[in-house]
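Here is how the chains run, residue by residue.
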Amino acid sequence: MNPSGALAVQTLSLRDFRSYTRLECAFAPGLNVLHGPNGAGKTNLLEALALLALGRSPRTSRDADLVRSGQSTFAIRVRFGVDPAAGQATTTLEVTYGEHRGKRARLDGQVLPRMVDVYGHLLAVYFAPDDLWLLKGGPAGRRQLLDRLLAQCSPLYADSIFRYRHALAQRNQTLRDVRTRRAGASLLAIWEPQLVQYGAEVLRYRASAVAELEPLAAAAYHRLAAGAEELQIRYRPALGAGDGWTGDETAWADHLREAFREHLQADLATGMTGRGPHRDDLEVLLEGAPARVYGSQGQQRTAILALKFAEREYLALRTGRRPLLLVDDVFSELDEPRRRGLQERLQGGGQVFLTTADPRQLQGMVGASFFRVLQGSVVPEEPHA
Amino acid sequence: MPGVGPKTAQRFAFFLLNGPPETALGLASAITEARERVRPCSVCQNLTDVDPCPVCASAHRDRAVICVVEEPKDVAAMEKTREYRGLYHVLQGAINPLAGVGPDELRVRELLARIGQRESPVHEVILATDPDVEGDATAHYLARLLRPLGVRVTRIARGVPEGGDLDYVDQVTLGRALVGRADW
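These numbers come from a predicted model, not from an experiment.

Reading the values: the criteria
Residues numbered from 1 in each chain as written. Chains lettered and ligands numbered in written order. Predicted model: local features only at pLDDT ≥ 70, side-chain atom pairs only at ≥ 80, totals over all residues. Heavy atoms only, no water. Helix = DSSP H or I, 4+ residues; strand = E, 2+ residues; numbered from the N terminus. Rg over C-alpha atoms; globule rule 2.2 N^0.38 Å. Contact = heavy atoms within 4.5 Å. Areas by Shrake-Rupley, 256 points an atom, 1.4 Å probe, with all protein chains shown as cover. Pairing = 2+ DSSP bridges. Expected span 1.5 Å × (residues − 1). Buried < 20%, exposed > 50% of the residue type's maximum accessible area, 1.4 Å probe, protein only. Domains from an automatic or database assignment. Buried area = accessible area lost by both parts, 1.4 Å probe. Polar contact = N/O pair within 3.5 Å; in protein donor to acceptor, adjacent residues only side chain to side chain. Nonpolar A, V, L, I, M, F, W, Y, C, P; charged D, E, K, R; others polar. Arc of directions from axis to C-beta. Axes fitted to C-alpha atoms, helices over the stretch in contact; angles between N-to-C directions.

Visitor: What am I meant to see in the overall build of chain B here?
Guide: Helix and strand counts for chain B come out as seven helices and six strands. Relative to the 2.2 N^0.38 estimate, which gives 16 Å for 184 residues, the radius of gyration of chain B is 20 Å and therefore markedly larger than a compact globule would have. Sequence separation of at least 24 residues holds for 50% of the intrachain contacts in chain B that already meet a minimum separation of 6. Element-wise, carbon and sulfur atoms account for 57% of the exposed surface of chain B, whose accessible area totals about 12100 Å².

Laid out in structure tokens, this is it:
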């Protein structure tokens, strides 16, 4: 297989996004270090890039929060390409937001029909300082990690999970309507064919992705920690019966149909669909025990970084393009050996955007471009001596 | 009004107010007349100014086939194909519990009444609701009701559009067309 080309953002333009009135900034294809005091707007830059990759902010689900105060619209635009420095063609991706019409995306000027169609163009993996909740919190965050990863690899997955969630919301409303006698119980069955079809697609994609991510994550953990512990990840479908189910889509569809049937009475009692891929979990294990209880703080942080690097490898393998890494202020949380391990992993692997309040932490980084972020401006700096 | 933003609305308003009075009054009376005369066809529920509508009244249409669509605009789209010689039935929406729309809010009973008529038996019902979550669910709902009546129930196919280059087809459509590929 050919070595994958690295995606790189050449320019980022912002209008009325978060703290930025207007910004036009060019970046380097390698490592970009964004530094400045807290509250200067460093994270907002990563957020803008993540929004273009994922169609939504990783920090808030309320788009109105993203508009600069006093304004009612924002616009984010990037010009990017695969190895654009080598003269390859570039693409423009833009997301605009207006109070009444919501977000709209354009690819090279063409309006995309839905926001889910944004997935798969600008690929990115986002590292946030509060990522520890991925391990400590409920399964929703871990499902989201899988969903964002797979939606970036496969437009079909993005469509399947979108339709599955939509049919699920309709079934849940129907469950409530049946309880209040606004609808007959026979109406429940009309959502099932789609829940089974799209749900089975989601299950098959997730199960095979976790199987492929596992060795990547284990290897990344070893390199980051140089530790002896074994990192494992396991997909746990919420189908009610035993785990370890694998197989093709037909098998998943049968399991899912059975799970819905089994759980129907409970669903009617609660007004919620209790089984299905919207309840699945991704289990993260250290030495065979759940990482959230087993690991030290440092081991847990390393496990998360390993997952993120596994995401990067998986995206590169699947799409033939190396994604952007958006790394938000994670160095301050790490001890010295892990910091060095992370620095090594960030170099030579495509474009990286890294924020820090303290650029001295990064003096060992070779070939980095430094930018000073202050009060809504981003100023490139001469290379450090 | 759908598709008209505040700026365009303002332009419309100034155009009508600045022009000769006949323009505005003519438009007003045309709207009044259309609103008063156009109503759902008593047979197919499509919008019409004569009842039954020209399609339902036509002697040249195949009365044994009914194509079920969500909206009047879908009838217009089907008619443009000039391939279809049967009759229509307009549901006036799709089942959408989140929007408070159940089967009783749609023209489902009227459809069932048409199937049972002895003088002109219906052999086939083509379900041409939209290929989205609500349209598919509505098609499933209708299929469950219709099959026991001994009528053939079909659903329009989906996939790659004709006459285009494969590399212009959107990725999802192409992906699903690949998953649903057939022996040839």
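Next comes the rest of the description.
Visitor: Is there a simple way to explain the pairing of strand β4 (residues 73–82) of chain A in this structure?
Guide: Side chains on a regular strand alternate between the two faces of the sheet. Residue and element names in this part refer to chain A. As judged from the eight bridges shared by strand β1 (residues 5–17) and β4, these two strands associate in the antiparallel manner. By the bridge assignment, R15 is partnered in β4 with A75. Taken together, the nine bridges between β4 and strand β5 (residues 90–98) define a ladder with antiparallel strand orientation. From the neighbouring strand, F74 faces β5, where its bridge partner is Y97.

Visitor: Would you take a moment to explain helix α6 (residues 133–146) of chain B for this structure?
Guide: Every α-helical turn comprises 3.6 residues, leaving residues that sit three or four positions apart pointing alike. Taking 1.5 Å per residue as the helical rise, α6(B) with its 14 residues ought to reach 20 Å, and the 20 Å between its terminal C-alpha atoms agrees with that figure. A large share of α6(B) lies buried, amounting to eleven of its 14 residues. Inspection of α6(B) places V133(B), E134(B), G135(B), D136(B), A137(B), T138(B), A139(B), Y141(B), L142(B), A143(B) and L146(B) among the buried residues, and these make up the whole buried set. Where α6(B) is buried, its residues contact α4 (155–179) and α5 (192–225) of chain A together with β3 (62–69), α5 (108–115), β5 (124–127) and β6 (152–155) of chain B.

Visitor: What's the story with the domain arrangement of chain A in this structure? I'm lost.
Guide: A common measure of how large an interface is: the accessible area buried when the components associate. Residues and elements named next belong to chain A. According to the domain assignment, chain A consists of domain 1 (1–123 + 323–385) and domain 2 (139–319). The centre of domain 1, based on its C-alpha atoms, is set 28 Å off from the matching centre of domain 2. With 23 residues of domain 1 at the interface, the matching set in domain 2 holds 20 residues. On the domain 1 side of the interface with domain 2, the three residues burying the most area are Y119, R338 and R345, jointly 31% of the side's total. The interface formed by domain 1 and domain 2 contains four residue pairs in polar contact (both at pLDDT 80 or more). When contributions to the side of domain 1 that touches domain 2 are tallied by element, the ones reaching two or more residues are α1 (42–54) and α10 (336–346). Tallied by class, residues from the side of domain 1 that touches domain 2 come to 13 nonpolar, five polar and five charged.

Visitor: Can you walk me through α5(B) in this structure?
Guide: Residues and elements named next belong to chain B. Residues of α5 that are buried: V108, L111, R114 and I115. The buried residues of α5 all sit within an arc of 120° when viewed along its axis, so they share a single face. On its buried face, α5 sits against β3, β4 (86–90), β5 and α6.

Visitor: Honestly, the sheet that holds strand β15 (residues 369–374) of chain A in this entry has me stumped. Any pointers?
Guide: The pairing of strands in a sheet happens through backbone hydrogen bonds and is either parallel or antiparallel. All names here are of chain A. Across the sheet, which stays open at both edges, the six strands sit in the order β8-β13-β14-β3-β15-β16 with mixed pairing between neighbours. This sheet does not close on itself; its edge strands, each paired only once, are β8 (124–127) and β16 (377–380). Ignoring which end each strand starts from, the neighbouring axes of this sheet average 20° apart. In terms of strand pairing, β15 meets β16 through four bridges, oriented antiparallel. Considered in β16, the bridge of V373 is made with V378.

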